[in-house]
Amino acid sequence: QVQLVESGGGLAQPGGSLRLSCAASISIGSFYAMGWYRQVPGKQRELVATITSGSMINYADSVKGRFTLSRDHALNTVYLQMSSLKPEDTAVYYCNAFRYFVDGTKSDYWGQGTQVTVSS
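Residues numbered from 1 in each chain as written. Predicted model: local features only at pLDDT ≥ 70, side-chain atom pairs only at ≥ 80, totals over all residues. Heavy atoms only, no water.

*Asks:* Go over the overall build of the protein chain, please, and point to the residues and values.
*Replies:* Broken down by element type, the protein chain carries zero helices and eleven strands. Element order for the protein chain, N to C, with α for helix and β for strand: β-β-β-β-β-β-β-β-β-β-β. For 120 residues, the compact-globule estimate of 2.2 N^0.38 gives 14 Å, and the protein chain sits close to it at 14 Å. Counting all 120 residues of the protein chain, 42% fall into the buried class. Taking contacts inside the protein chain between residues at least 6 apart in sequence as the whole, the part at least 24 apart equals 53%. (Helix = DSSP H or I, 4+ residues; strand = E, 2+ residues; numbered from the N terminus. Rg over C-alpha atoms; globule rule 2.2 N^0.38 Å. Buried < 20%, exposed > 50% of the residue type's maximum accessible area, 1.4 Å probe, protein only. Contact = heavy atoms within 4.5 Å.)

*Asks:* Explain the packing of aromatic side chains to me, and be specific about the residues and the numbers.
*Replies:* Think of a pair of aromatic rings as described by two things: how far the centres are apart, and how the planes are tilted against each other in angle. Enumeration according to the criterion identifies six aromatic pairs in this entry. An angle of 90° between the planes, with centres 5.7 Å apart, marks the rings of Phe-98 and Tyr-100 as edge-to-face. Following the ring pairs from residue to residue traces out a cluster consisting of Tyr-32, Phe-98 and Tyr-100. Arg-45 extends its terminal NZ or CZ atom over the ring of Tyr-94, reaching a point 3.7 Å from the ring centre. Over the aromatic face of Phe-98 sits the side chain of Lys-106, whose NZ or CZ is 4.3 Å from the ring centroid. (Phe/Tyr/Trp six-rings, centres within 6.5 Å; stacked < 30°, edge-to-face > 60°. Lys NZ or Arg CZ within 6 Å of the ring centre and 35° of its normal.)

*Asks:* Tell me what's going on with the sheet that holds strand E7 (residues 67-72), and back it up with residues and numbers.
*Replies:* Within a sheet, neighbouring strands are paired by backbone hydrogen bonds and run either parallel or antiparallel to one another. Read from one edge of the open sheet, four strands run E1-E3-E8-E7, paired in antiparallel fashion. Two strands in the sheet have a free side with no partner beyond their single neighbour: strand E1 (4-7) and E7. The mean angle between the axes of side-by-side strands here comes to 15°, regardless of whether they run parallel or antiparallel. In terms of strand pairing, strand E3 (residues 18-24) meets strand E8 (residues 77-82) through six bridges, oriented antiparallel. Counterpart to Leu-20 in the pairing with E8 is Leu-80. (Pairing = 2+ DSSP bridges. Axes fitted to C-alpha atoms, helices over the stretch in contact; angles between N-to-C directions.)

*Asks:* Report on the state of the cysteines, specifying residues and quantitative values.
*Replies:* What makes a disulfide is a covalent bond joining the sulfur atoms belonging to two cysteines. Using the criterion set out here, one finds one disulfide in the structure. Each sulfur in the disulfide pair Cys-22 and Cys-95 lies 2.0 Å from the other. Taking the sign of the torsion about the S-S bond as the criterion, the disulfide between Cys-22 and Cys-95, at about -80°, is left-handed. Remark: Cys-95 occurs in strand E9 (residues 91-100) and Cys-22 occurs in strand E3; sequence separation between them is 73 residues. You'll find Cys-22 and Cys-95 in the same group, each marked buried. (Disulfide = S-S within 2.5 Å.)

*Asks:* Report on the side chain of Ser-21, specifying residues and quantitative values.
*Replies:* Along the chain, Ser-21 falls in strand E3. When residues no more than four places from it in sequence are discounted, the contact partners of Ser-21 are Val-5, Glu-6, Ser-7, Trp-36, Thr-77, Val-78 and Tyr-79.

*Asks:* Give me the lowdown on the pattern of salt bridges, citing residues and values where you can.
*Replies:* Applying the stated criterion across every chain, the model contains four salt bridges. For Asp-89, the salt bridge is made with Arg-38, and the minimal N-O distance between the two is 3.0 Å. Here Arg-38 lies in strand E4 (residues 33-39) and Asp-89 lies in the loop between E8 and E9, a separation of 51 residues in the sequence. Judged by its relative accessible area of 0%, Asp-89 falls in the buried class. Beyond isolated ion pairs, a larger network of salt bridges with shared partners links Arg-38, Glu-46, Arg-66 and Asp-89. (Salt bridge = Lys/Arg side-chain N within 4 Å of Asp/Glu carboxyl O.)

Here it is as structure tokens:
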């Protein structure tokens, strides 16, 4: 059973920073891609940033230049460094990973979510 455990959410002031962590129960090299999504009540979950096994990183336009995605293979952890936070960054942030199997099937995994609140 693959598990993704997030940590690092909380309250930050506008302009402040937070770092989210997502620890996987298996080698992150097993995944085709990992990343972060966020969701606010009444809205669809949206992509924040993803990284592929080939190290290609994709950021949502709304976070480019402010958020940085990184990973540590030794710790099987992906990080999201969030800076210059804005109130509109307030959401539940979810870690995601997926992988393909030799038979062509795909498995998608989600963390439990961590709340990020940006407010003065």
